[in-house]
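As a plain string of letters, each chain reads:
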Amino acid sequence: MSSILIVTDAWHPQINGVVRSLERTAEELEAIGIRVEFLTPQAFKTLPCPTYPEIRLSLTHRGIVGRKIEEFDCEHLHIATEGPLGLLAAGVARRAGRPFTTSYHTRFPEYVSARLPIPLSWSYSWLRKFHNAGCGCMVATRSLENDLRDRGFQNLMRWSRGVDEQLFKPYEGSVLPADLPRPVYMYVGRVAIEKNIKAFLDLKLEGSKVVVGGGPQLETLRREYPDTHFTGPKVGEDLGRHYSDADVFVFPSLTDTFGNVMLEALACGVPVAAYPVMGPLDVIGDTGAGVLSEDLQEAAEASLDIPRDHCRKIAMNYTWAASARQFLDNCIEARDIHNSTILQARAAE
């Protein structure tokens, strides 16, 4: 396979795990000679997503998306998201009898139910139809794979994640205000209702709480929690230095499918405190690099005793090169499944 087109509704200026995963996967694939193209909202007029204006929804139609797919002239089509572009691209592929893969990055039904009174069963029924139409649906963890299989999703493929060990590493010096009491408990990520950040901010912890990131809930939480230090979004080395300045990384989410931020924190030598749910169970599990508990305060306080060098050692088990190779193998397998299905259909005629 020499070229791959990735269609994604999640793209800049968004800062999240989906965007980072796609970018790093593309970089690694290009390093081994695979041409990777992206079809994103940047190619179209957009409007802000209701309740989440940072997300831009593309204003286009199937004909235009179809023409752009043809212009890229790539050997394989991967649809990364279930937004307007993803839906249109899947429709184009189905009409043309073209094989494609999808990936399940976000527990969309849970995110929707956090904002609107829509039953989970309705959302999962729609998502199952979308993903089962492809030749493979890529998921990051065993827990997610088992959950989706139980819900009727088919052709599930594992696609893990990686971490940039050169960017995310222990740094010398402090970037946080010198008068912040220690220990520092930190959250990094989107500041949105589905991230369950209040569960972290409501903890009665000695020291300081720091929130790094932006999102629709940022200003509300700033007003409600004046004693918390909110930095806003950080990127690059500045982000790495903020991780490194923490004593414990607190991951309160109950809905993430993986949690790239946990790997980034570990790579910086910072232990993770989280609930024992999908994502933390897969990344932290019994590695000893964090503490999982239904009592998040207990997990946060117990994590202070974990050696920082052990945390980085666990993170080094995840590389973007291995992640990209897994992604490529999935694309090749999906193509082979498609070709085999066609041959079987012809043989039955």
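Look up a bit, the structure's there.
Every chain's residues receive numbers from 1 upward, in the order its sequence appears when written. Since the coordinates come from a predicted model, pLDDT governs what is reported: local features require at least 70, and pairs of side-chain atoms require 80 or more to be given and counted, while whole-chain, interface and lining totals use all residues. With hydrogens and water stripped out, all remaining heavy atoms of the structure feed into the side-chain values.

**Section: empty space enclosed by the protein**
Just so we agree on the cut-off: In this analysis a 1.4 Å probe is tested at points of a 1 Å grid over the protein atoms alone, and where it fits but cannot get out there is a cavity; an open set with protein on both sides within 12 Å along at least five of seven lines is a pocket; lining residues have an atom within 4 Å of a point. Grid points are joined across faces, edges and corners, and a volume is the space filled by probe spheres set on the points. Counting from the N terminus, the helices are DSSP H or I runs at least four residues long and the strands are E runs at least two residues long.
With the rule as written, the count across this model stands at one cavity of 30 Å³ or more. The calculated volume of the largest cavity comes to roughly 30 Å³. Lining the largest cavity are Ile-69, Glu-70, Leu-77, Ala-89, Val-92, Ala-93, Ala-96 and Arg-98. Every element with two or more residues in the lining of the largest cavity is listed here: helix H2 (62-72) and helix H3 (84-96).

**Points about the sheet that holds strand E1 (residues 3-7)**
This is how it is decided: Two strands pair if DSSP finds at least two bridges between them. For helices, the fitted axis covers only the stretch in contact; all axes are lines through C-alpha atoms, and the angles between them, taken along N-to-C directions, range from 0 to 180 degrees. The criterion used for residue contact is that any of the two residues' heavy atoms lie within 4.5 Å.
Ordered in space as E2-E1-E5-E6-E7-E8, the six strands form an open sheet in which the pairing is parallel. Taken across any chain shown, the strands that pair with only one partner, and hence form the sheet edges, are strand E2 (35-39) and strand E8 (156-158). Between one strand and the next, the sheet's axes are offset by a mean angle of 25°, whatever the strand orientation. In terms of strand pairing, E1 meets E2 through five bridges, oriented parallel. Its bridge partner lying in E2, Leu-5 is registered against Glu-37. Against the sheet, helix H6 (residues 142-150) touches strand E7 (136-139) and E8, its axis set at about 180° to E8.

**Description of the sheet that holds strand E10 (residues 208-212)**
One open sheet accounts for six strands, arranged E11-E10-E9-E12-E13-E14; its pairing is parallel. With partners counted over all chains shown, the strands left at the sheet margins are strand E11 (229-232) and strand E14 (290-292), one partner each. The average undirected angle you get between the axes of adjacent strands in this sheet is 25°. Where strand E9 (residues 184-188) lies against E10, five bridges are found, and the strand directions are parallel. Along E10, the bridge assignment pairs Tyr-185 with Lys-209. Sheet strands in contact with helix H10 (residues 260-267) are E9, strand E12 (248-251) and strand E13 (272-274), and its direction is about 175° off that of E12.

**Observations regarding the packing of aromatic side chains**
For clarity, the threshold we go by: Geometry of aromatic contacts follows a simple scheme: Phe, Tyr and Trp rings, the Trp one being its six-membered ring, pair when their centres are within 6.5 Å, and the pair is stacked under 30 degrees between planes, edge-to-face over 60, tilted otherwise. A ring is considered to have a charge above it if a Lys NZ or an Arg CZ atom is located within 6 Å of its centre and within 35 degrees of its normal.
Applying the stated rule across the entire model yields seven aromatic pairs. With a centroid separation of 5.7 Å and an interplanar angle of 80°, the aromatic rings of Phe-168 and Tyr-243 are classed as edge-to-face. In this pair, Phe-168 is assigned in the loop between E8 and E9 and Tyr-243 in helix H9 (residues 236-244), connecting sequence segments 75 residues apart. Among the aromatic residues, those joined into a cluster by ring pairs are Phe-168, Tyr-243, Phe-249 and Phe-251. The ring of Tyr-124 carries the charged tip of Arg-151 above its face, separated from the ring centre by 3.9 Å. The ring of Trp-159 has Arg-161 sitting right over it, with the charged end atom 4.2 Å from the ring centre.

**A few points about the environment of Met-278**
For the record, the criterion: Partly exposed describes any residue whose relative accessible area lies between the buried limit of under 20% and the exposed limit of over 50%, with all areas from a 1.4 Å probe on protein chains only and scaled to the type maximum.
With respect to the helices and strands, Met-278 occurs in the loop between E13 and helix H11 (280-283). Residue classification places Met-278 among the buried positions, given a relative accessible area of 11%. Considered as a pair, Met-278 and Arg-312 are 34 residues apart in the sequence and their alpha carbons are 21 Å apart. The residues contacting Met-278, other than those within four sequence positions of it, are Arg-107, Thr-141, Ser-143, Leu-144, Asp-147, Asp-256 and Thr-257.

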